[in-house]
Amino acid sequence: MTTSVPEQYIKDYKNLNSQINQSEPNWLNDLRKKAFQNLSKNGFPTKRKGNEKWKYTNISKLAKTSFSFEKENILQKSNYKNLIISDDSWINLTFINGALQTDISKIKNFEKGITVTKFSDAFGNPKINQLIKDNLSKFSQIDEDGFTSLNTAFINDGILINVDENAKILNPINLSFISHSTVTPNVSYPRILIIANKNSSLNIIENYIGDSSIQSFTNSVSEIMLEDSSKISHYRLLNEGQNTFHIESSRVNLKSNSTFESTSFSKSSKISRYDLKVNIEGENSYCNLNGLYLTSGTQHIDNYINIDHIKPKGTSRLNYKGILTEKSRAVFGGTVWVREGAMKTDSIQSDKNLLLSDEAEVDSKPALFIYADDVQCAHGATAGNIDAETIFYMRSRGIDLETASKLLINGFANEIIDCVNIPGLKKELEKLFLESLPKYKLEF
Amino acid sequence: MIKEKSLLEIKNLHVSVDDDIKILNGINLTIKLGEIHVIMGPNGSGKSTLANVLSGRPGYNIDKGEIIFKGEDITSQDPEIRARNGMFLAFQYPMELPGVRTWQFLKSSVDAIRLHNELPELKIKEFDKLLEEKKEIVEMNSELLKRSVNEGFSGGEKKRNEILQLSLLNPTFAMLDETDSGLDIDALQIVAKGVKNYHNNNNSVMLVTHYQRILNHLSPDYIHVLMDGKIVKSGDKSLSLELESKGYEWIRESILKQS
C-alpha cells in the first residue's frame, strides 16, 4: 500500500539525533525511534486502489519529493508580521518550522490556570514530564500512517498546553505556524498536545501560514484531550502558500459531559488533507464540527473526518461546506460510528458543495455505521451550481446577476463563518474568505 | 404624465418552451395606470407563464409579438432592468435564499432600484425606518428579517414577505401570481390589505388567481379568462362571480358554438 521514503528524511533524522545528543529522556528517544522504524517499514500511503482512506487523494508527488528539515531558523519579524492574524487580547504563540519562538511569543503574559511547555523543556519538571509521557501518542498512534510516524520521529519541538482543573481561559490562545526555511523545499513538523482538565475551558486558534513562493510541506499532528465537563472551542485556518503540501492529523478525545467545537477554514495549498477524529469516550458529550473550504486553480483539499460514538447519550454535528472553482478538487470523507452500547446517540452530518466551474470536482462520501439501538442519525451531501431559479428571484427584484451570485455565495460561506465566536478572528476570516470569493457570473 | 396612456401593452404574444410546446397563443392586453386586471382560467391555461414572461424569466421562447412597458419595447430586456423600471412579480412559490439575510436582500433590492433611478443608496437608518413602517402593513415579525430569505418561513409568511417587497419597492406595475393560494382567512386579509395599501392611480396591478375571495377585498376593473394560451373572454367584476358559480366549461362551449 505504500512506497519507501526519500533518503533526505533519514539524513535529517540522524542529524537531529546528533544535535539532541543526550538532552532528551529515554522514553522520548524510544518513541521517536519506534516512529522512525514505522516510517521506514511502512512508507507513505501512495497506493490508492483498495485503500479507502486515501482513495481520492494522490500524494505520490509529495511522497517522492525530498523535503529538508532545518531545525534552527531565524526569521525577521517583518518577514511574517503581515501574515499573522492576531489580536492584542489573544495569547499569541509563533512557531517557525514547527518550533515555538519564545523570544517573539507572548509566553509570559499567560492567564492563571494555563501552562505552555515545549517538550524539550519539560524534562526538568518531573510532573510535566510524566504528563507528556503518559499522553503523547496516546490517540495519534505512531503506526497509524506514514505521516504520523514521520511527525513523531521529529517530535522534539512540540508543545504541551495544559489547562488546570476549573480554569476558564477566556482569551484565545493563538498558535501561528509559519513555514519558512533557507533551504527549499522544506518540511516542518508542528506537534501539539492539549489537555483540558476537569471543568476547564479554552479557546484555541491554530493557523498555518506560509510564503506563497516556496515549496514546502507541513506535517502536523495534534492531540486534544477533554476531561469531564471541559470545553474547547477550536479554530483552524489553513492559509499557506499555493505551492505547499499540508498533511494534518488531529485526534480529539472527549470524556463525560464535555464539549468540543471545531471550525475549520481551508483555502490554500496545492494538496492538503485534514484528518480529524473525535472519540466520544464519555457519556453525554457533545461535538460540533464545522468547516469551510475554498479551492481554486488545480488545488486539492481533502477533509477526512471520523466521529466515534463509544459511550451513550452523545451528540455530534458535522457540517462542512465547499466552494470550488476552476479545475480544483475537494474530497470529503465523513464517517460517524455508533458503537454497541452508545444508545441515545444523536448525530447529523452534512457536506454541501458549490461547484462554480464545470471542471471542478468533489468526491463527497458521508457514511454511518450504527451498532447500537435507539439512536438518531442523519447524513447527506450535495454538490451543485447556484440554482438558476434562485438567481432569477433576485434579479426580479432589481439585483443584477453578479450581485445576486455574490450574495448567494457569501451566504453559503457565511453559515460557517458565523460559527466563529471570536470577533477579531471572524473579521479576519470574512476578509480572507468573502473578499477573495470569485466574481462569478452565471451564464444563461 | 403617462396617465391615460397605457402602462403596458402586450401585442400578439406567442410563447413556447423547449420542444416547441406552445403555451401562449397570441395574447393581446393593454393595462392603463390605475387599473386592476385579473387573469383567471383553468390550470395549465398559461396564466403563470404570462406573468413570468412579462417579468423576464429565462427559459421561455418568445416566438412572436412584443411587450411594451412605459412606451419601451422590453420583449428581450433583462429581468433586473424591468424590475428597476418599475415591474414587480410576487412569486407563486417564493424562493428560499440560504445564507442571505432578509434584511440584506431587501436593502440590496431597494438600493439597486434607487441607483437605477439616480437616487443615492439609503442609509441604514433611513432604510430601517422605511422597513419598520412597511412591515407593519403585512404584520411581519421582526425576527424573520434577521433570518435567511424565506428559509423556514411558513407558506403564509412567504407570501407576506412578497407583499412586504411590493410595499418597499413600490413598483409601477405589480403582478401577483396566485399570491392568495394556500392562505388562511387571516393571512388572505393581510395580503389583500397590503395590495390595497399599495395600489393607487399611479400604478397598476395584474392579479393571477383561481379564487373570487381576494377580489372581495379589491375592486378589479377587468377580469380576463385565459384558456389554451389565449384571452377568450373579458368582462367586469361580475364575470368573476359568474366563473365562481359556473366554472369554465360554459365559456369553452360558447366558443365552440361560435366557431
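Residues numbered from 1 in each chain as written. Chains lettered and ligands numbered in written order. Predicted model: local features only at pLDDT ≥ 70, side-chain atom pairs only at ≥ 80, totals over all residues.

Peer 1: How would you sum up the overall build of chain B? Please name residues and give values.
Peer 2: For chain B, the helix and strand inventory stands at nine helices and twelve strands. In terms of overall size, chain B behaves like a compact globule, its C-alpha atoms giving a radius of gyration of 18 Å where 259 residues would be expected to give roughly 18 Å. Expressed along its principal axes, the backbone C-alpha trace of chain B runs to roughly 60 × 40 × 40 Å. For chain B, buried positions account for 42% of its 259 residues. When contacts within chain B are restricted to residue pairs at least 6 apart in sequence, long-range pairs at least 24 apart make up 72% of them. (Helix = DSSP H or I, 4+ residues; strand = E, 2+ residues; numbered from the N terminus. Rg over C-alpha atoms; globule rule 2.2 N^0.38 Å. Buried ≥ 20, exposed ≤ 12 C-beta atoms within 10 Å, placed from the backbone. Contact = placed C-beta atoms within 7 Å.)

Peer 1: So what's going on with the overall build of chain A? Residues and values would help.
Peer 2: Along chain A, the regular secondary structure elements total nine helices and 20 strands. For a compact globule of 444 residues, the expected C-alpha radius of gyration is about 22 Å, and chain A comes in at 22 Å, within 12% of that figure. Over its C-alpha atoms, taken along the principal directions, chain A stretches across nearly 75 × 50 × 50 Å. Counting the 444 residues in chain A, one finds 50% classified as buried.

Peer 1: I'd like a description of the sheet that holds strand E5 (residues 72–73) of chain B, backed by residues and values.
Peer 2: Residues and elements named next belong to chain B. Taken in spatial order, the four strands of this open sheet run E2-E1-E4-E5, and their pairing is antiparallel. Either end of the sheet is taken by a strand with one partner, and the two such strands are strand E2 (21–32) and E5. Pairing geometry for strand E4 (residues 61–69) and E5, over two bridges, is antiparallel. Each bridged residue has a counterpart across the sheet, and for Phe69 the counterpart in E5 is Glu72. Helix-sheet contacts for helix H1 (residues 47–55) involve strand E1 (6–17), E2 and E4, and the interaxial angle to E2 is about 70°. (Pairing = 2+ DSSP bridges. Axes fitted to C-alpha atoms, helices over the stretch in contact; angles between N-to-C directions.)

Peer 1: So what's going on with the domain arrangement of chain A? Which residues, and what values?
Peer 2: Residue and element names in this part refer to chain A. On domain assignment, one finds that chain A holds domain 1 (7–282) and domain 2 (389–444). Contact with domain 1, which involves eleven residues of that partner, is made by eleven residues of domain 2. Those elements that place two or more of their residues in the side of domain 1 that touches domain 2 are strand E8 (201–210), strand E10 (231–239) and strand E12 (259–266). Sorting elements by how many residues they give to the side of domain 1 that touches domain 2 places E10 first, with three residues. (Domains from an automatic or database assignment.)

Peer 1: Could you give an account of the interface of chain A and chain B, naming the residues involved and the relevant values?
Peer 2: Facing 19 residues of chain A, the contacting portion of chain B comprises 21 residues. Every element with two or more residues in the side of chain A that touches chain B is listed here: helix H7 (388–395) and helix H8 (401–417) of chain A. Ranked by residues supplied to the side of chain A that touches chain B, first place goes to H8(A) with seven residues. For the side of chain A that touches chain B, a count of residues per class yields eight nonpolar, six polar and five charged. (Nonpolar A, V, L, I, M, F, W, Y, C, P; charged D, E, K, R; others polar.)

Peer 1: Kindly report on the pairing of E4(B), identifying the contributing residues and their values.
Peer 2: Residue and element names in this part refer to chain B. Here seven bridges tie E1 to E4, and the two strands are oriented antiparallel to one another. In the strand pairing of E4, His14 is matched with Lys64. Here E4 folds back onto E5, and the loop between the two strands holds two residues, one of which, Lys70, carries a positive phi near 55°.

Peer 1: Hey, could you go over the pairing of strand E6 (residues 87–90) of chain B for me, with residue numbers and the actual values?
Peer 2: Residues and elements named next belong to chain B. The two faces of E6 match: Met87 and Leu89 on one face and Phe88 and Ala90 on the other face are all buried. Direction of pairing for E6 relative to strand E9 (residues 173–177): parallel, over a ladder of four bridges. Paired with Leu89 across the bridge in E9 is Met175.

Peer 1: Run through the packing of helix H2 (residues 26–42) of chain A against helix H6 (residues 146–153) of chain A, naming residues and quoting values.
Peer 2: Residue and element names in this part refer to chain A. Orientation of H2 relative to H6, taken along the N-to-C sense of each, is 145°, at an axis distance of 8 Å. Handedness of the H2/H6 crossing: left-handed. Taking contact as the criterion, the partners of Leu31, Arg32, Ala35, Phe36, Asn38, Leu39 and Asn42 in H2 are, on H6, Gly146, Ser149, Leu150, Thr152 and Ala153. Residue composition of the contact of H2 with H6, by class: six nonpolar, five polar and one charged. (Left-handed = near helix turned anticlockwise from the far one by under 90°.)

Peer 1: Just give me the short version of helix H6 (residues 155–169) of chain B, but keep the residues and values in it.
Peer 2: Residue and element names in this part refer to chain B. When the terminal C-alpha atoms of H6 are compared, their 21 Å separation across 15 residues agrees well with the 21 Å that a helix rising 1.5 Å per residue should span. Among the residues of H6, Lys158, Lys159, Arg160, Asn161, Glu162, Ile163, Leu164, Gln165, Leu166, Ser167, Leu168 and Leu169 are the ones counted as buried. Packed against the buried residues of H6 are E6, helix H3 (102–116), helix H4 (124–137), E9 and helix H7 (185–198). Positive backbone phi, at 45°, marks Asn170, one or two positions downstream of H6. (Expected span 1.5 Å × (residues − 1).)

Peer 1: Residue-level account of the sheet that holds strand E10 (residues 204–208) of chain B, with values.
Peer 2: All names here are of chain B. Strand order across the open sheet formed by six strands is E6-E9-E10-E3-E11-E12, with mixed pairing between neighbours. Edge positions in the sheet fall to E6 and strand E12 (230–235), since each of these pairs with one other strand and no more. Going across the sheet, the axis of each strand differs from the next one's by a mean of 20°, ignoring polarity. One ladder, built from five bridges, connects strand E11 (residues 222–227) with E12; its direction is antiparallel. Its bridge partner lying in E12, Ile223 is registered against Gly235. With respect to the sheet, H1 is in contact with strand E3 (36–40), E6, E9, E10 and E11, its orientation differing from that of E9 by roughly 145°. Across the sheet, H6 touches E6 and E9, and the angle it forms with E6 is around 165°.

Peer 1: Mind laying out the packing of H7(A) against H8(A), listing which residues take part and the relevant values?
Peer 2: Residues and elements named next belong to chain A. Relative orientation of the contacting elements H7 and H8 amounts to 120°, with a least axis distance of 9 Å. If you check the angle between H7 and H8, you find them oblique. Here H7 and H8 pass one another in a crossing that is right-handed. Side by side, H7 and H8 meet where Thr390, Ile391, Met394 and Arg395 of the first sit next to Leu401, Ala404, Ser405, Leu407 and Leu408 of the second. Of the residues belonging to the contact of H7 with H8, the class tally is six nonpolar, two polar and one charged. (Parallel < 35°, antiparallel > 145°, perpendicular 65-115°, else oblique.)

Peer 1: Now, about the nonpolar core: what can you tell me, with residues and values included?
Peer 2: The biggest cluster of nonpolar side chains holds 180 residues, and the ones touching the most others in it are Ile194(A), Phe88(B) and Met175(B). For this core, the element with the most residues is H8(A), which contributes eight residues. Shared between two domains, this core takes at least three residues from each, and those domains are domain 1 (7–282) and domain 2 (389–444) of chain A. Among residues more than four places away in sequence, those in contact with Met175(B) are Ala51(B), Leu54(B), Ser55(B), Phe88(B), Leu89(B), Ala90(B) and Met206(B). (Core = buried A, V, L, I, M, F, W, Y, C linked by C-beta atoms within 7 Å.)

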